[in-house]
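Below are the chains, spelled out letter by letter.
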Amino acid sequence: MRQLAATSRRHWTTGRELRTAFNAAQKAGGAIVLDDFGPPIPSPGPGEPAADFSPRPGKDRKAHFMTLDEYPSTNYAFEVQNPPVSGNHINGLGEAEHRPASPIFHTWQFGHPMGKLEFLFQGIRTRREWIALLKRQRATHRFTGEKAATKVPVDDPAAMTDTIKDLTRELGAVMVGIAPLTDDMLTEELPLDHPYVISFGVEMDRDAALQAPSEHAALTIQAEYRATDRISAAVAQHIRSMGWDAQAAIHGFLQIPAAVEAGLGQLGKHGSMISKELGSMYRLGAIVTDLPLVIDQPEDVGVDEFCAICSVCTTNCPPHAINDTKQLVRGRERWYVDFDACIPYFVENHGCGICIGVCPWSEPGRGEGFSLKMLARRDKYSAREANTHATTEETP
Ligand code: SF4
Ligand code: SF4
(Lines give C-alpha, C1' and ligand atoms only; values in the text may rest on other atoms or scores of the structure.)
(Ligands and ions follow the chains in the order given, each with its own letter.)
Protein backbone atom coordinates (compact mmCIF):
# COMPACT_ATOMS: atom_id res chain seq x y z
CA MET A 1 0.00 0.00 0.00
CA ARG A 2 2.98 2.30 -0.62
CA GLN A 3 1.05 4.83 -2.66
CA LEU A 4 -2.06 5.11 -0.56
CA ALA A 5 -0.01 5.64 2.59
CA ALA A 6 1.32 8.83 0.99
CA THR A 7 -2.01 10.59 1.63
CA SER A 8 -2.78 11.83 5.12
CA ARG A 9 -6.18 11.75 6.83
CA ARG A 10 -6.44 15.52 6.38
CA HIS A 11 -5.93 15.12 2.65
CA TRP A 12 -8.66 12.51 2.44
CA THR A 13 -10.99 15.04 4.07
CA THR A 14 -10.09 17.85 1.69
CA GLY A 15 -10.31 15.32 -1.14
CA ARG A 16 -13.97 14.75 -0.25
CA GLU A 17 -14.62 18.52 -0.14
CA LEU A 18 -12.86 18.85 -3.45
CA ARG A 19 -15.00 16.17 -5.09
CA THR A 20 -18.21 17.79 -3.84
CA ALA A 21 -17.16 21.26 -5.00
CA PHE A 22 -15.90 19.98 -8.37
CA ASN A 23 -19.08 18.02 -9.10
CA ALA A 24 -21.21 21.07 -8.21
CA ALA A 25 -19.08 23.32 -10.44
CA GLN A 26 -19.32 20.86 -13.33
CA LYS A 27 -23.12 20.73 -12.96
CA ALA A 28 -23.42 24.51 -12.82
CA GLY A 29 -20.96 25.12 -15.66
CA GLY A 30 -18.61 26.98 -13.28
CA ALA A 31 -15.10 26.29 -12.00
CA ILE A 32 -13.45 25.76 -8.62
CA VAL A 33 -10.11 27.34 -7.77
CA LEU A 34 -7.77 24.39 -7.30
CA ASP A 35 -5.33 26.45 -5.22
CA ASP A 36 -7.88 26.34 -2.34
CA PHE A 37 -7.64 22.55 -1.93
CA GLY A 38 -4.99 20.10 -0.80
CA PRO A 39 -1.41 20.72 0.27
CA PRO A 40 0.55 23.72 -1.06
CA ILE A 41 2.69 23.29 -4.16
CA PRO A 42 5.89 25.16 -5.04
CA SER A 43 5.77 28.12 -7.44
CA PRO A 44 8.13 28.10 -10.43
CA GLY A 45 11.72 28.98 -9.49
CA PRO A 46 13.81 31.64 -11.26
CA GLY A 47 13.95 30.95 -15.01
CA GLU A 48 11.35 28.17 -14.81
CA PRO A 49 8.36 28.54 -17.16
CA ALA A 50 4.91 28.37 -15.56
CA ALA A 51 2.47 25.73 -16.78
CA ASP A 52 -0.21 26.85 -19.23
CA PHE A 53 -3.13 24.43 -18.86
CA SER A 54 -5.24 25.93 -21.64
CA PRO A 55 -6.01 23.91 -24.80
CA ARG A 56 -3.77 24.58 -27.78
CA PRO A 57 -5.12 25.88 -31.09
CA GLY A 58 -5.73 23.23 -33.77
CA LYS A 59 -8.18 21.53 -36.09
CA ASP A 60 -11.11 19.60 -34.55
CA ARG A 61 -12.44 16.31 -35.75
CA LYS A 62 -14.23 13.35 -34.15
CA ALA A 63 -13.71 9.82 -35.42
CA HIS A 64 -17.12 8.36 -36.37
CA PHE A 65 -16.43 5.07 -34.58
CA MET A 66 -15.81 6.68 -31.19
CA THR A 67 -18.85 5.87 -29.07
CA LEU A 68 -19.58 9.21 -27.33
CA ASP A 69 -21.79 11.55 -29.39
CA GLU A 70 -19.18 14.22 -28.91
CA TYR A 71 -15.95 14.53 -26.96
CA PRO A 72 -16.24 16.29 -23.58
CA SER A 73 -15.46 19.98 -23.94
CA THR A 74 -12.27 21.72 -22.92
CA ASN A 75 -14.15 24.08 -20.57
CA TYR A 76 -12.79 22.69 -17.34
CA ALA A 77 -14.62 22.87 -14.00
CA PHE A 78 -11.39 23.95 -12.30
CA GLU A 79 -8.84 26.66 -12.67
CA VAL A 80 -5.41 27.32 -11.19
CA GLN A 81 -4.62 30.87 -10.13
CA ASN A 82 -0.96 30.29 -9.30
CA PRO A 83 0.24 27.85 -11.96
CA PRO A 84 3.15 25.57 -11.02
CA VAL A 85 6.26 25.00 -13.13
CA SER A 86 5.44 23.56 -16.55
CA GLY A 87 5.21 19.75 -16.80
CA ASN A 88 7.06 20.03 -20.11
CA HIS A 89 9.93 21.77 -18.34
CA ILE A 90 10.06 18.99 -15.71
CA ASN A 91 10.01 16.46 -18.51
CA GLY A 92 13.06 18.03 -20.20
CA LEU A 93 11.41 19.47 -23.32
CA GLY A 94 14.09 21.34 -25.28
CA GLU A 95 16.96 19.91 -23.19
CA ALA A 96 19.94 18.83 -25.33
CA GLU A 97 21.58 16.64 -22.66
CA HIS A 98 20.34 13.14 -21.94
CA ARG A 99 19.18 12.43 -18.37
CA PRO A 100 16.69 10.12 -16.63
CA ALA A 101 13.05 11.22 -16.70
CA SER A 102 11.53 12.96 -13.69
CA PRO A 103 8.19 11.77 -12.31
CA ILE A 104 5.34 14.08 -13.38
CA PHE A 105 1.93 12.53 -12.93
CA HIS A 106 0.45 9.47 -11.18
CA THR A 107 3.04 10.11 -8.47
CA TRP A 108 0.61 10.40 -5.52
CA GLN A 109 2.87 13.21 -4.34
CA PHE A 110 0.43 16.03 -3.77
CA GLY A 111 3.21 18.53 -2.97
CA HIS A 112 4.72 17.94 -6.44
CA PRO A 113 4.28 20.79 -8.97
CA MET A 114 1.54 18.74 -10.70
CA GLY A 115 0.20 17.74 -7.26
CA LYS A 116 -2.96 19.85 -7.54
CA LEU A 117 -4.02 18.06 -10.71
CA GLU A 118 -3.05 14.72 -9.16
CA PHE A 119 -5.12 15.57 -6.07
CA LEU A 120 -8.13 16.41 -8.21
CA PHE A 121 -7.71 13.26 -10.33
CA GLN A 122 -7.57 10.98 -7.29
CA GLY A 123 -10.27 12.94 -5.44
CA ILE A 124 -12.90 12.66 -8.16
CA ARG A 125 -12.59 8.94 -8.76
CA THR A 126 -15.97 7.25 -8.47
CA ARG A 127 -16.60 4.67 -5.73
CA ARG A 128 -16.31 1.83 -8.26
CA GLU A 129 -13.01 3.21 -9.53
CA TRP A 130 -11.69 3.36 -5.96
CA ILE A 131 -12.64 -0.26 -5.32
CA ALA A 132 -10.87 -1.28 -8.53
CA LEU A 133 -7.79 0.69 -7.51
CA LEU A 134 -7.75 -0.82 -4.02
CA LYS A 135 -7.91 -4.31 -5.50
CA ARG A 136 -4.82 -3.43 -7.53
CA GLN A 137 -3.04 -1.95 -4.53
CA ARG A 138 -3.69 -5.08 -2.46
CA ALA A 139 -1.53 -7.16 -4.79
CA THR A 140 1.60 -4.97 -4.74
CA HIS A 141 3.31 -7.09 -2.04
CA ARG A 142 3.67 -9.83 -4.69
CA PHE A 143 5.97 -7.70 -6.87
CA THR A 144 9.10 -8.56 -4.87
CA GLY A 145 10.15 -11.35 -2.53
CA GLU A 146 12.90 -13.69 -1.38
CA LYS A 147 14.65 -15.80 -3.99
CA ALA A 148 15.41 -19.50 -3.52
CA ALA A 149 18.72 -20.19 -1.76
CA THR A 150 20.05 -22.38 -4.59
CA LYS A 151 20.53 -20.97 -8.07
CA VAL A 152 19.45 -23.09 -11.03
CA PRO A 153 22.40 -22.88 -13.49
CA VAL A 154 21.55 -21.45 -16.92
CA ASP A 155 23.75 -23.19 -19.53
CA ASP A 156 21.54 -22.22 -22.45
CA PRO A 157 20.21 -18.61 -22.15
CA ALA A 158 18.33 -19.01 -25.48
CA ALA A 159 16.36 -21.98 -24.16
CA MET A 160 15.72 -20.15 -20.88
CA THR A 161 14.48 -17.12 -22.85
CA ASP A 162 12.01 -19.33 -24.74
CA THR A 163 10.79 -20.84 -21.46
CA ILE A 164 10.23 -17.42 -19.88
CA LYS A 165 8.48 -16.06 -22.98
CA ASP A 166 6.23 -19.15 -23.17
CA LEU A 167 5.33 -18.76 -19.49
CA THR A 168 4.52 -15.06 -19.96
CA ARG A 169 2.26 -15.87 -22.93
CA GLU A 170 0.56 -18.74 -21.05
CA LEU A 171 -0.27 -16.27 -18.28
CA GLY A 172 -2.08 -14.01 -20.77
CA ALA A 173 0.48 -11.80 -22.56
CA VAL A 174 0.04 -11.46 -26.32
CA MET A 175 3.51 -10.07 -26.96
CA VAL A 176 6.77 -10.40 -25.04
CA GLY A 177 10.38 -9.37 -25.63
CA ILE A 178 13.66 -8.94 -23.74
CA ALA A 179 15.73 -5.75 -23.54
CA PRO A 180 18.80 -4.62 -21.64
CA LEU A 181 17.73 -2.37 -18.76
CA THR A 182 18.82 1.22 -19.47
CA ASP A 183 18.32 4.53 -17.69
CA ASP A 184 15.81 5.54 -20.41
CA MET A 185 13.39 3.22 -18.62
CA LEU A 186 13.96 4.57 -15.13
CA THR A 187 12.86 7.71 -13.40
CA GLU A 188 15.13 9.44 -10.92
CA GLU A 189 13.11 7.68 -8.21
CA LEU A 190 13.58 4.13 -9.41
CA PRO A 191 17.25 3.15 -9.46
CA LEU A 192 16.93 -0.51 -10.47
CA ASP A 193 20.19 -2.19 -11.42
CA HIS A 194 19.24 -5.52 -13.01
CA PRO A 195 20.73 -6.25 -16.43
CA TYR A 196 17.53 -7.38 -18.21
CA VAL A 197 13.92 -6.36 -18.56
CA ILE A 198 11.19 -8.71 -19.76
CA SER A 199 8.58 -6.48 -21.40
CA PHE A 200 5.14 -7.77 -22.33
CA GLY A 201 1.72 -6.55 -23.43
CA VAL A 202 -1.86 -7.72 -22.80
CA GLU A 203 -4.62 -6.89 -25.24
CA MET A 204 -6.97 -4.03 -24.38
CA ASP A 205 -10.73 -4.24 -24.73
CA ARG A 206 -11.16 -2.04 -27.81
CA ASP A 207 -14.93 -1.62 -27.36
CA ALA A 208 -14.33 -0.15 -23.91
CA ALA A 209 -11.47 2.01 -25.18
CA LEU A 210 -13.72 3.54 -27.83
CA GLN A 211 -16.07 4.68 -25.05
CA ALA A 212 -13.31 6.82 -23.50
CA PRO A 213 -13.55 8.99 -21.58
CA SER A 214 -16.12 7.15 -19.41
CA GLU A 215 -16.33 5.24 -16.13
CA HIS A 216 -16.68 1.98 -18.05
CA ALA A 217 -13.44 2.69 -19.94
CA ALA A 218 -11.68 3.63 -16.67
CA LEU A 219 -12.82 0.41 -14.92
CA THR A 220 -11.79 -1.71 -17.88
CA ILE A 221 -8.36 -0.09 -17.81
CA GLN A 222 -8.01 -0.95 -14.11
CA ALA A 223 -8.88 -4.58 -14.88
CA GLU A 224 -6.29 -4.63 -17.66
CA TYR A 225 -3.65 -3.21 -15.35
CA ARG A 226 -4.54 -5.85 -12.77
CA ALA A 227 -3.88 -8.47 -15.45
CA THR A 228 -0.42 -7.01 -16.18
CA ASP A 229 0.32 -6.86 -12.42
CA ARG A 230 -0.70 -10.49 -12.02
CA ILE A 231 1.52 -11.64 -14.92
CA SER A 232 4.50 -9.55 -13.76
CA ALA A 233 4.21 -10.88 -10.21
CA ALA A 234 3.89 -14.52 -11.38
CA VAL A 235 6.85 -14.37 -13.79
CA ALA A 236 9.01 -12.62 -11.18
CA GLN A 237 8.05 -15.24 -8.59
CA HIS A 238 8.91 -18.06 -11.03
CA ILE A 239 12.37 -16.58 -11.65
CA ARG A 240 12.98 -16.10 -7.93
CA SER A 241 12.04 -19.74 -7.36
CA MET A 242 15.06 -20.60 -9.56
CA GLY A 243 17.35 -18.59 -7.26
CA TRP A 244 17.73 -15.51 -9.49
CA ASP A 245 16.75 -11.92 -8.70
CA ALA A 246 13.49 -10.66 -10.23
CA GLN A 247 10.89 -8.06 -9.46
CA ALA A 248 7.83 -6.70 -11.19
CA ALA A 249 8.64 -3.23 -12.54
CA ILE A 250 5.47 -1.22 -12.11
CA HIS A 251 5.53 2.07 -10.18
CA GLY A 252 7.79 4.67 -11.71
CA PHE A 253 9.01 2.32 -14.45
CA LEU A 254 8.79 3.72 -17.99
CA GLN A 255 7.11 0.87 -19.82
CA ILE A 256 7.15 2.34 -23.34
CA PRO A 257 10.95 2.75 -23.75
CA ALA A 258 11.38 -0.82 -22.42
CA ALA A 259 8.80 -2.25 -24.82
CA VAL A 260 10.29 -0.39 -27.81
CA GLU A 261 13.78 -1.62 -26.93
CA ALA A 262 12.42 -5.18 -26.58
CA GLY A 263 11.10 -5.02 -30.16
CA LEU A 264 7.38 -4.86 -29.33
CA GLY A 265 6.71 -1.71 -31.38
CA GLN A 266 7.65 1.91 -32.06
CA LEU A 267 6.75 5.21 -30.48
CA GLY A 268 3.85 6.92 -32.26
CA LYS A 269 3.00 10.59 -32.58
CA HIS A 270 0.41 10.20 -29.79
CA GLY A 271 3.20 9.36 -27.33
CA SER A 272 2.23 5.69 -26.95
CA MET A 273 3.83 2.70 -28.58
CA ILE A 274 2.36 1.23 -31.77
CA SER A 275 2.72 -2.48 -32.35
CA LYS A 276 2.13 -4.21 -35.68
CA GLU A 277 -0.26 -6.67 -34.09
CA LEU A 278 -2.31 -4.52 -31.71
CA GLY A 279 -1.70 -0.90 -32.68
CA SER A 280 -2.02 0.91 -29.35
CA MET A 281 -4.63 -1.46 -27.92
CA TYR A 282 -2.44 -3.07 -25.27
CA ARG A 283 -1.33 -2.54 -21.69
CA LEU A 284 2.32 -3.04 -20.85
CA GLY A 285 4.00 -4.76 -17.94
CA ALA A 286 7.62 -5.63 -17.11
CA ILE A 287 9.88 -7.68 -14.90
CA VAL A 288 13.51 -6.78 -14.21
CA THR A 289 15.91 -9.63 -13.53
CA ASP A 290 19.49 -10.91 -13.54
CA LEU A 291 18.44 -14.27 -15.04
CA PRO A 292 20.68 -14.77 -18.13
CA LEU A 293 18.48 -14.11 -21.19
CA VAL A 294 18.92 -13.35 -24.87
CA ILE A 295 17.90 -9.81 -25.77
CA ASP A 296 15.68 -8.89 -28.70
CA GLN A 297 16.32 -5.98 -31.07
CA PRO A 298 14.08 -2.94 -31.57
CA GLU A 299 11.97 -3.38 -34.71
CA ASP A 300 11.34 -0.65 -37.27
CA VAL A 301 7.82 -1.33 -38.57
CA GLY A 302 7.37 1.97 -40.45
CA VAL A 303 5.51 3.91 -37.74
CA ASP A 304 7.65 7.04 -38.25
CA GLU A 305 6.73 7.30 -41.93
CA PHE A 306 3.06 6.67 -41.20
CA CYS A 307 2.88 9.28 -38.43
CA ALA A 308 4.60 11.82 -40.67
CA ILE A 309 1.61 11.74 -43.06
CA CYS A 310 -1.21 11.01 -40.58
CA SER A 311 -2.95 13.52 -38.33
CA VAL A 312 -5.84 11.48 -36.92
CA CYS A 313 -4.68 11.75 -33.29
CA THR A 314 -3.70 15.43 -33.55
CA THR A 315 -7.15 16.44 -34.85
CA ASN A 316 -9.07 14.15 -32.47
CA CYS A 317 -7.25 15.25 -29.31
CA PRO A 318 -9.67 17.80 -27.83
CA PRO A 319 -7.01 20.06 -26.19
CA HIS A 320 -4.67 19.59 -29.20
CA ALA A 321 -1.86 18.32 -27.00
CA ILE A 322 -0.17 16.23 -29.70
CA ASN A 323 2.70 17.81 -31.61
CA ASP A 324 2.87 17.25 -35.36
CA THR A 325 6.66 17.39 -35.39
CA LYS A 326 9.23 15.64 -33.26
CA GLN A 327 10.68 17.57 -30.32
CA LEU A 328 14.01 17.50 -28.50
CA VAL A 329 13.41 15.88 -25.11
CA ARG A 330 16.29 15.08 -22.73
CA GLY A 331 18.75 14.81 -25.59
CA ARG A 332 16.56 12.77 -27.99
CA GLU A 333 14.40 13.83 -30.96
CA ARG A 334 11.03 12.15 -30.45
CA TRP A 335 7.28 12.46 -30.82
CA TYR A 336 5.98 14.44 -27.89
CA VAL A 337 2.66 15.09 -26.16
CA ASP A 338 2.31 18.46 -24.41
CA PHE A 339 1.80 17.52 -20.75
CA ASP A 340 0.39 20.89 -19.75
CA ALA A 341 -2.37 20.53 -22.36
CA CYS A 342 -3.09 16.79 -22.02
CA ILE A 343 -3.17 16.33 -18.25
CA PRO A 344 -5.90 18.89 -17.45
CA TYR A 345 -8.23 17.23 -20.00
CA PHE A 346 -7.28 13.80 -18.68
CA VAL A 347 -8.01 14.92 -15.11
CA GLU A 348 -11.31 16.67 -15.86
CA ASN A 349 -12.64 13.53 -17.54
CA HIS A 350 -11.22 10.86 -15.17
CA GLY A 351 -8.91 9.66 -17.94
CA CYS A 352 -8.86 9.98 -21.69
CA GLY A 353 -7.10 7.80 -24.29
CA ILE A 354 -8.99 9.14 -27.32
CA CYS A 355 -5.68 9.31 -29.19
CA ILE A 356 -4.95 5.60 -28.88
CA GLY A 357 -8.55 4.65 -29.71
CA VAL A 358 -8.61 6.61 -32.98
CA CYS A 359 -5.13 5.58 -34.19
CA PRO A 360 -5.58 3.64 -37.47
CA TRP A 361 -3.05 1.03 -36.31
CA SER A 362 -5.44 0.18 -33.45
CA GLU A 363 -8.08 -1.09 -35.90
CA PRO A 364 -7.91 -4.90 -35.73
CA GLY A 365 -5.98 -6.49 -38.56
CA ARG A 366 -4.66 -3.26 -40.10
CA GLY A 367 -1.14 -2.96 -38.62
CA GLU A 368 0.62 -5.67 -40.64
CA GLY A 369 -0.63 -4.13 -43.90
CA PHE A 370 0.36 -0.59 -42.85
CA SER A 371 3.82 -1.81 -41.92
CA LEU A 372 4.38 -3.64 -45.25
CA LYS A 373 3.20 -0.58 -47.18
CA MET A 374 5.42 1.86 -45.27
CA LEU A 375 8.52 -0.34 -45.55
CA ALA A 376 7.90 -0.89 -49.30
CA ARG A 377 7.49 2.86 -49.79
CA ARG A 378 10.73 3.51 -47.93
CA ASP A 379 12.58 0.98 -50.13
CA LYS A 380 11.13 2.63 -53.26
CA TYR A 381 12.25 6.12 -52.19
CA SER A 382 15.70 4.90 -51.16
CA ALA A 383 16.14 3.19 -54.54
CA ARG A 384 14.95 6.34 -56.35
CA GLU A 385 17.30 8.50 -54.28
CA ALA A 386 20.24 6.18 -54.99
CA ASN A 387 19.48 6.36 -58.74
CA THR A 388 19.26 10.15 -58.68
CA HIS A 389 22.52 10.32 -56.76
CA ALA A 390 24.25 7.99 -59.25
CA THR A 391 22.92 9.99 -62.24
CA THR A 392 24.09 13.30 -60.70
CA GLU A 393 27.56 11.90 -60.13
CA GLU A 394 27.76 10.67 -63.72
CA THR A 395 26.64 14.02 -65.19
CA PRO A 396 29.70 16.05 -66.36
S1 SF4 B 1 -4.93 11.33 -23.68
FE2 SF4 B 1 -4.48 11.67 -25.86
S3 SF4 B 1 -6.38 12.49 -26.73
FE4 SF4 B 1 -6.57 12.66 -24.51
S5 SF4 B 1 -5.85 14.73 -24.04
FE6 SF4 B 1 -4.08 13.40 -23.83
S7 SF4 B 1 -3.06 13.42 -25.82
FE8 SF4 B 1 -5.14 14.23 -26.09
S1 SF4 C 1 -3.17 8.46 -35.22
FE2 SF4 C 1 -1.79 8.60 -36.97
S3 SF4 C 1 -0.28 10.17 -36.40
FE4 SF4 C 1 -1.32 9.52 -34.53
S5 SF4 C 1 -0.02 7.93 -33.68
FE6 SF4 C 1 -1.58 6.91 -34.91
S7 SF4 C 1 -0.63 6.68 -36.92
FE8 SF4 C 1 0.59 8.19 -35.80
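Residues numbered from 1 in each chain as written. Chains lettered and ligands numbered in written order. Predicted model: local features only at pLDDT ≥ 70, side-chain atom pairs only at ≥ 80, totals over all residues.

## Things to note about the domain arrangement of the chain
In step 1: Each domain of the chain was delimited in the assignment, giving domain 1 (4-124 + 310-360), domain 2 (130-289) and domain 3 (366-394).
In step 2: A separation of 36 Å is found between the C-alpha centroids of domain 2 and domain 3. (Domains from an automatic or database assignment.)

## Regarding the site of ligand 1
In step 1: Surveying the vicinity of ligand 1 reveals 13 residues, the closest of which are C317, C342, C352, I354 and C355.
In step 2: For the shell around ligand 1, the elements supplying multiple residues, two or more each, are helix 11 (339-348) and helix 12 (354-358).
In step 3: Counting residues per element, the shell around ligand 1 draws most heavily on helix 11, which supplies 3 residues.
In step 4: Residue composition of the shell around ligand 1, grouped by class: 11 nonpolar, 2 polar and no charged. (Near = placed C-beta within 6 Å. Helix = DSSP H or I, 4+ residues; strand = E, 2+ residues; numbered from the N terminus. Nonpolar A, V, L, I, M, F, W, Y, C, P; charged D, E, K, R; others polar.)

## Some thoughts on the packing of helix 3 (residues 115-123) against helix 11
In step 1: Taken N-terminus to C-terminus, the directions of helix 3 and helix 11 make an angle of 25 degrees; their axes are 9 Å apart at the nearest point. In terms of orientation, helix 3 lies roughly parallel with respect to helix 11. In terms of crossing hand, the pair formed by helix 3 and helix 11 is left-handed. Residues L117, L120 and F121 of helix 3 lie in contact with helix 11, whose contacting residues are I343, P344 and V347. (Axes fitted to C-alpha atoms, helices over the stretch in contact; angles between N-to-C directions. Parallel < 35°, antiparallel > 145°, perpendicular 65-115°, else oblique. Left-handed = near helix turned anticlockwise from the far one by under 90°. Contact = placed C-beta atoms within 7 Å.)

## What to know about helix 7 (residues 215-241)
In step 1: Its 27 residues place the ends of helix 7 39 Å apart at the C-alpha level, agreeing with the 39 Å of an ideal helix rising 1.5 Å per residue.
In step 2: Along helix 7, the positions that sit buried rather than exposed are A217, A218, I221, Q222, T228, D229, I231, S232, A233, V235, A236 and I239.
In step 3: Buried residues in helix 7 make contact with helix 4 (127-138), helix 5 (157-170), strand 4 (196-203), helix 6 (206-209), strand 5 (246-248) and strand 8 (282-289).
In step 4: Following helix 7 by one or two positions, G243 adopts a phi angle in the positive range, close to 90 degrees. (Expected span 1.5 Å × (residues − 1). Buried ≥ 20, exposed ≤ 12 C-beta atoms within 10 Å, placed from the backbone.)

## Focus: unusual backbone geometry
In step 1: The phi torsion at H320 lies on the positive side, around 55 degrees, for a residue other than glycine.
In step 2: Residue position: H320 is located in the loop between helix 10 (312-316) and strand 9 (327-329).
In step 3: The backbone of H350 shows a phi angle near 60 degrees, a positive value even though the residue is not glycine.
In step 4: Tracing the backbone shows H350 in the loop between helix 11 and helix 12.
In step 5: With 18 C-beta atoms counted inside 10 Å, the residue H350 sits in the partly exposed group.

## Considering the site of ligand 2
In step 1: All residues in the neighbourhood of ligand 2 are listed as G268, K269, H270, F306, C307, C310, V312, C313, C359, P360 and W361.
In step 2: Contributions of two or more residues to the shell around ligand 2 are made by helix 9 (303-309) and helix 10.
In step 3: Mapping the shell around ligand 2 onto the domain boundaries places at least three of its residues in each of domain 1 (4-124 + 310-360) and domain 2 (130-289).

## Describing the nonpolar core
In step 1: One finds L120, V197, I198, A286 and I287 to be the most contacted residues of the largest nonpolar core, which totals 90 residues.
In step 2: Looking at this core element by element, the count peaks at 8 residues for helix 7.
In step 3: Composition of this core by domain shows at least three residues from each of domain 1 (4-124 + 310-360) and domain 2 (130-289).
In step 4: Apart from residues no more than four positions distant in its own chain, I287 is found in contact with I198, S232, V235, A236, A246, Q247, A248 and A249. (Core = buried A, V, L, I, M, F, W, Y, C linked by C-beta atoms within 7 Å.)

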